[in-house]
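The primary structure of each chain is shown beneath.
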Amino acid sequence: QVQLVESGGGLVQAWGSLRLSCAASGSRFSGYAMAWYRQAPGKQREFVAQITSSGSTLYTDSVKGRFTISRVNAKNAVYLQMNSLKPEDTAVYYCNAVDARTSFQSWGQGTQVTVSS
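Cut-offs used in this document
- Residues numbered from 1 in each chain as written.
- Predicted model: local features only at pLDDT ≥ 70, side-chain atom pairs only at ≥ 80, totals over all residues.
- Heavy atoms only, no water.
- Pairing = 2+ DSSP bridges.
- Helix = DSSP H or I, 4+ residues; strand = E, 2+ residues; numbered from the N terminus.
- Axes fitted to C-alpha atoms, helices over the stretch in contact; angles between N-to-C directions.
- Disulfide = S-S within 2.5 Å.
- Buried < 20%, exposed > 50% of the residue type's maximum accessible area, 1.4 Å probe, protein only.
- Phe/Tyr/Trp six-rings, centres within 6.5 Å; stacked < 30°, edge-to-face > 60°.
- Core = buried A, V, L, I, M, F, W, Y, C linked by side-chain atoms within 4.5 Å.

## A word on the sheet that holds strand E7 (residues 67–72)
Point 1. Taken together, the 4 strands give an open sheet; going across it, the order is E1-E3-E8-E7, and neighbouring strands pair in antiparallel fashion. Two strands close off the open sheet at either side, each with one partner strand: strand E1 (4–7) and E7. Ignoring strand direction, the axes of neighbouring strands in this sheet form an average angle of 15 degrees.
Point 2. The pairing of E7 with strand E8 (residues 77–82) spans 6 bridges and is classified as antiparallel. Its bridge partner being in E8, Phe67 is matched across the sheet by Met82.

## Digging into the state of the cysteines
Point 1. Summed over all chains, the structure comprises 1 disulfide.
Point 2. Across the disulfide from Cys22 sits Cys95; the S-S distance is 2.1 Å. Residues Cys22 and Cys95 are joined through a disulfide that is left-handed, its torsion about the S-S bond being -85 degrees. Of this pair, Cys22 sits in strand E3 (residues 18–24) while Cys95 sits in strand E9 (residues 91–99); the two residues are 73 residues apart in sequence, bridging distant segments of the chain. Each member of the pair, Cys22 as well as Cys95, carries the same accessibility label: buried.

## Side note on the packing of aromatic side chains
Point 1. Enumeration according to the criterion identifies 2 aromatic pairs in this entry.
Point 2. Measuring from centroid to centroid gives 5.0 Å for Tyr37 and Trp107, while their planes differ by 65 degrees, and the two rings are edge-to-face. Residue Tyr37 is found in strand E4 (residues 32–39), and its partner Trp107 is found in strand E10 (residues 105–107); the two are separated by 70 residues along the sequence.
Point 3. Its relative accessible area of 22% is what places Tyr37 among the partly exposed residues.
Point 4. Feature note: the residues Tyr37, Phe47 and Trp107 constitute an aromatic cluster, connected by ring pairs.

## Quick notes on the nonpolar core
Point 1. Core analysis: the largest hydrophobic core is formed by 29 residues, its most contacted members being Met34, Trp36, Leu80, Met82 and Tyr93.
Point 2. Mapped onto this core, the elements with two or more residues apiece are E3, E4, strand E5 (46–51), E7, E8, E9 and strand E11 (111–116).

## Quick notes on unusual backbone geometry
Point 1. Unusually for a residue other than glycine, Asn76 sits at a positive phi of about 50 degrees.
Point 2. Locating Asn76 in the fold gives a position in the loop between E7 and E8.
Point 3. Residue classification places Asn76 among the buried positions, given a relative accessible area of 19%.
Point 4. Even without a glycine there, the phi angle at Ser103 is positive, about 65 degrees.

So, in structure tokens, the structure goes:
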């Protein structure tokens, strides 16, 4: 099992940028598929972006061209660069890890992102 800690959230004006970080503990980080999810008030948690152990990426349509997910295995870290932020991006953002061998999932505690119009 891996422990995840997110950071980098905050308040930003529309069209601004933020970079979220997720630090993972434990070994075998390179064997995990990493993802970001978000949950806005009153809504269900939704998928935002994923990066596999091989570096393949996937994004939900609403963030394509604006968000970039990346990982640095040597630092046990995954990042989400968010540009051209919109008020509808306001949510708590969660880091997610899936063990490719066991499919066991781990979640971080979340970091708040608020985009003002």
